[in-house]
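Residues per chain are reported as follows:
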Amino acid sequence: MADQPTPADEWGELPSPTEPGWAGWCQHWLAVHSPLALNARASAGHLSARVHGRLLWQYLTERRLVLEEQLAQEQADGITDRALQARESDRFQELAETREILRVLELIGPHLPGR
């Protein structure tokens, strides 16, 4: 674990790296927020939580960029069809969820067990 401070106001209800069970919580959190293929890769390769976290961060960063580009293109195209507007709403929701996962990952990342 890194010797970095964990500001309580940013962490909210997340457990502290100094709490018992931190490593298990990290593994669970990463598994819940990773796509199945990434979980399989992490498990098969016996990857540490830190490496798994880096791979998840890369995946989510790329996904966020794709969603932002798609939304910008649809808005530039002036999409008005209801089906497309519903799809856009789903993309906004996925983008918000992706950003939140990235926010948490950036908080816990320096404290993930492993190298």
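Look a little higher up for the structure.
In this convention, every chain numbers its residues from 1, walking through the sequence in written order. Side-chain atom pairs in this predicted model are given and counted only at pLDDT of 80 or more, local residue features only at pLDDT of at least 70, and totals for whole chains, interfaces and linings cover all residues. For the side-chain quantities, the full set of heavy atoms in the structure was used; hydrogens and water were omitted.

Caption draft 1: Highlighting the layout of surface pockets. Think of a 1 Å grid over just the protein atoms. A cavity is a set of points where a 1.4 Å probe fits yet cannot get out, a pocket is an open set with protein on both sides within 12 Å along at least five of seven lines, and lining residues have an atom within 4 Å of a point. Grid points are joined across faces, edges and corners, and a volume is the space filled by probe spheres set on the points. Taken as a whole, the largest pocket spans an internal volume of roughly 160 Å³. Taken together, Ala23, Gln27, Leu30, Ala31, Asn39, Ala42, Ser43, Leu47, Ser48, Ala49, His52 and Pro113 make up the lining of the largest pocket. Numbering of helices and strands starts at the N terminus; helices are DSSP runs of H or I of at least 4 residues and strands are runs of E of at least 2. Put simply, the parts of the chain that give the lining of the largest pocket at least two residues each are helix H2 (22–33), helix H3 (36–44) and helix H4 (49–77). The element best represented in the lining of the largest pocket is H2, accounting for 4 residues. Side-chain classes are defined by residue name, with Ala, Val, Leu, Ile, Met, Phe, Trp, Tyr, Cys and Pro counting as nonpolar, Asp, Glu, Lys and Arg as charged, and the others, Gly among them, as polar. Classifying every residue of the lining of the largest pocket gives 7 nonpolar, 5 polar and no charged.

Caption draft 2: The side chain of Thr98, seen in detail. When you line up the elements, Thr98 lands in helix H5 (residues 82–108). Only protein chains enter the accessibility calculation, which uses a 1.4 Å probe; a residue whose area is less than 20% of its type maximum is buried, one above 50% is exposed, and one in between is partly exposed. For Thr98, a relative accessible area of 5% gives the class buried. Counted as a polar contact is a pair of N or O atoms within 3.5 Å, where, for protein atoms, one must be capable of donating a hydrogen and the other of accepting one, and residues adjacent in sequence contribute only when both atoms are in side chains. Of the polar contacts made by the side chain of Thr98, one reaches the backbone oxygen of Glu94; its length is 2.8 Å. Contacts are assigned to residue pairs with any non-hydrogen atoms lying within 4.5 Å of each other. In contact with Thr98, not counting residues within four places along its chain, are Leu60, Arg64 and Leu67.

Caption draft 3: Looking closely at the pattern of salt bridges. Definition used for salt bridges: Asp or Glu carboxyl oxygen within 4 Å of a side-chain nitrogen of Lys or Arg. One pass over the structure, following the stated rule, counts 4 salt bridges. Between Glu68 and Arg64 there is a salt bridge; the shortest N-O distance is 3.7 Å. Of the two residues, Glu68 and Arg64 are both situated in helix H4; the distance of 4 residues between them amounts to about one turn of the helix. Here Glu100 and Arg103 are joined by a salt bridge, their closest N and O atoms 2.9 Å apart. In this pair, Glu100 and Arg103 both sit in helix H5, 3 residues apart, roughly one turn of the helix. Look at the salt bridges and you will find they share partners, linking Arg64, Glu68 and Arg99 into a network.

Caption draft 4: Fine view of H2. Between its first and last C-alpha, H2 extends 16 Å over 12 residues, near the 16 Å set by a 1.5 Å rise per residue. Taken together, the buried positions of H2 are occupied by Trp22, Cys26, Trp29 and Leu30. The arc that holds every buried residue of H2, seen down its axis, measures 95 degrees, which confines them to one face. When the buried face of H2 is taken as reference, the exposed residues oriented beyond 90 degrees from it are Gln27, His28 and Val32. The span one expects for a helix is its residue count, reduced by one, times 1.5 Å. What the arc covers is the set of directions going from the helix axis to the C-beta atoms.

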